[in-house]
Amino acid sequence: MAILTVTLNPALDLETRTPELVPGRKLRCLPPRRDPGGGGINVARAIAILGGEATAAVAAGGATGDDLARRLETPGTHVARLPAPGETRQNLSVIEEGTGAQYRFIFPGPSWEVADLRAAEEALLPLVAAGDIVVLSGSMPPGLAPGAMVDLARDLRDAGAAVVCDTSGPALSAVAGAGLGLAMLRMDSAEAEELVGRRLRDVDDSAAAASELVARGAARIAILARGAEGSVLAAAGERWFAPAAQVPVVSVTGAGDSFVAGATLALSRGAPLAEVLQWGVAAASSAVTTEATLLCDRATFESIFARCAAHRL
């Protein structure tokens, strides 16, 4: 069972440091670190860190897209380029050394039309074999309606893929309401509260909301993250909670993508649901101990794994 991740709005992420952010001055920065970025890309990279393999299907364009694809092709991560309009975007993260504060500047990607999505999908579908897991993670490109995520997920499902989705905003609302029966749907607490229209005050509230999503046919597995507390998983007749490991927090960036990576890798190996959740929570817990672009850490993951064991609700 192969794992394929899809990133239609990737970015080349630049991270640098400067002593102090002061308006109006020229700010001398350290040489930037460059990393491929975007939800699906991060999931593929994290799967490789955890000892798995994944193919990252990336809509990358122009010289920046060439650079991104070159950096992404590493042991455990294979790259399949999809056509994309325009130049791949770059994002900038600046850390102020005096305070440790991080400033993240996120730029829009090139605008897409329906024909661009159709061209990307025509290149994507031949990569999918029946039984493969396909991860849709991150934002859709500018110019596409929220329903475009639904159409893509449906076409992948109809091609025989088990579709895992981790998105937000209008795209999440559209996917969750489409009754696609996704293999897995993940969201954080704020996204879940917006989706269900009520506060989720505790683990039981989150578990009930996850069960509602399963009952409505949104997905066979629904996972709701509760930040530093942990995550809940619901499936037909089952509810589980796994606590996050208490670890020093360096950056929460990448924790969600690392969760999806861990859970998807466990799912691809036929793990029971309790272990699927445990893998996700341990991967996310390890990710918060690293700098923003580094995602999860294998050694930390292994050392805290037992502390993230799931129990039935």
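My aim in this report is to walk through the structure given alongside it, one point at a time. These figures come from a predicted structure and were not determined experimentally.

### Let's talk about the pairing of strand β4 (residues 54-59)
At step 1: The element β4 is extensively covered by neighbouring structure, given that 5 of its 6 residues are classed as buried.
At step 2: Of the strand pairs in this sheet, strand β1 (residues 3-7) and β4 are connected by 4 bridges, and their pairing is parallel. When the bridges of β4 are listed, L4 appears paired with T55.
At step 3: Two elements, β4 and strand β5 (residues 77-82), share 6 bridges in a ladder whose sense is parallel. When the sheet's bridge partners are listed, A56 is paired in β5 with V79.
At step 4: For the handedness criterion, the β-α-β arrangement of β4, helix α2 (residues 62-72) and β5 is classed as right-handed.

### With respect to the side chain of R45
At step 1: Here R45 lies in helix α1 (residues 39-49).
At step 2: Ignoring any residue separated from it by four or fewer positions in sequence, one finds R45 in contact with D35, P36, L72, T77, T293 and L295.

### Focus on the packing of aromatic side chains
Two aromatic rings are characterised by how far apart their centres lie and by the angle between their planes.
At step 1: Counting across every chain of the model gives 3 aromatic pairs.
At step 2: Ring geometry for W279 against F301: centres 5.1 Å apart, planes inclined by 55°, an arrangement best described as tilted. Here W279, found in helix α9 (residues 273-287), pairs with F301, found in helix α10 (residues 298-304); they are 22 residues apart in sequence, far enough to count as distant. We note that W279, like F301, is buried.
At step 3: Aromatic side chains W279 and F305 sit 5.9 Å apart centroid to centroid with 75° between the ring planes, which places their arrangement in the edge-to-face category. Of this pair, W279 sits in helix α9 while F305 sits in the loop between α10 and β14 (311-312), and the two are 26 residues apart along the sequence.
At step 4: The class of W279 is buried, set by a relative accessible area of 15%.
At step 5: Using a relative accessible area of 22% as the deciding quantity, one classes F305 as partly exposed.
At step 6: Against the face of F259 rests R186, its NZ or CZ located 5.3 Å from the ring centre.

### Considerations on empty space enclosed by the protein
At step 1: Going through the model one piece at a time under the given rule, you end up with 2 cavities of 30 Å³ or more.
At step 2: What the largest cavity holds in volume is close to 60 Å³.
At step 3: Every residue along the wall of the largest cavity is listed here: V6, T7, L8, L136, S137, G138, S139, M140, M149 and L152.
At step 4: Looking at the lining of the largest cavity, the elements that each hand over two or more residues are β1, β8 (133-137) and α4 (147-158).
At step 5: Of the residues contributing to the lining of the largest cavity, the split by class is 6 nonpolar, 4 polar and no charged.
At step 6: By volume, the second largest cavity amounts to about 50 Å³.
At step 7: Around the second largest cavity, the lining residues are L8, N9, P10, A59, G61, A84, P85, G86, T88, P110 and W112.
At step 8: The residue makeup of the lining of the second largest cavity, split by class, is 7 nonpolar, 4 polar and no charged.

### Describing the sheet that holds strand β12 (residues 230-235)
Note on sheets: strands pair through backbone hydrogen bonds, and any given pair is parallel or antiparallel.
At step 1: If you trace the 10 strands from one edge of the open sheet to the other, you get β5-β4-β1-β8-β9-β10-β11-β12-β13-β14, paired in mixed fashion. Two strands lie at the open edges of the sheet, namely β5 and β14, each paired on one side alone.
At step 2: Across the sheet, α1 is in contact with β1, β4, β5 and β8; its angle to β1 comes to roughly 150°.

### Quick word on a nonpolar patch on the surface
At step 1: Taken together, the side chains of L92, Y103, F105 and F107 make up a nonpolar region of the molecular surface, amounting to roughly 350 Å² of accessible area.
At step 2: Inspection of the secondary structure assignment puts F105 in strand β7 (residues 102-105).
At step 3: Among the residues examined, F105 registers a relative accessible area of 41% and is labelled partly exposed.

The rules we used
Residues numbered from 1 in each chain as written. Predicted model: local features only at pLDDT ≥ 70, side-chain atom pairs only at ≥ 80, totals over all residues. Heavy atoms only, no water. Buried < 20%, exposed > 50% of the residue type's maximum accessible area, 1.4 Å probe, protein only. Helix = DSSP H or I, 4+ residues; strand = E, 2+ residues; numbered from the N terminus. Pairing = 2+ DSSP bridges. Right-handed = clockwise from strand over helix to strand, strands pointing away. Contact = heavy atoms within 4.5 Å. Phe/Tyr/Trp six-rings, centres within 6.5 Å; stacked < 30°, edge-to-face > 60°. Lys NZ or Arg CZ within 6 Å of the ring centre and 35° of its normal. 1 Å grid on protein atoms, 1.4 Å probe; cavity = no way out; pocket = protein on both sides within 12 Å on 5 of 7 lines; lining within 4 Å. Points joined across faces, edges and corners; volume = space filled by probe spheres on them. Nonpolar A, V, L, I, M, F, W, Y, C, P; charged D, E, K, R; others polar. Axes fitted to C-alpha atoms, helices over the stretch in contact; angles between N-to-C directions. Patch = residues over 30% accessible without salt bridge, like charges linked within 9 Å, V, L, I, M, F, W, Y side chains within 5 Å. Areas by Shrake-Rupley, 256 points an atom, 1.4 Å probe, with all protein chains shown as cover. Salt bridge = Lys/Arg side-chain N within 4 Å of Asp/Glu carboxyl O.

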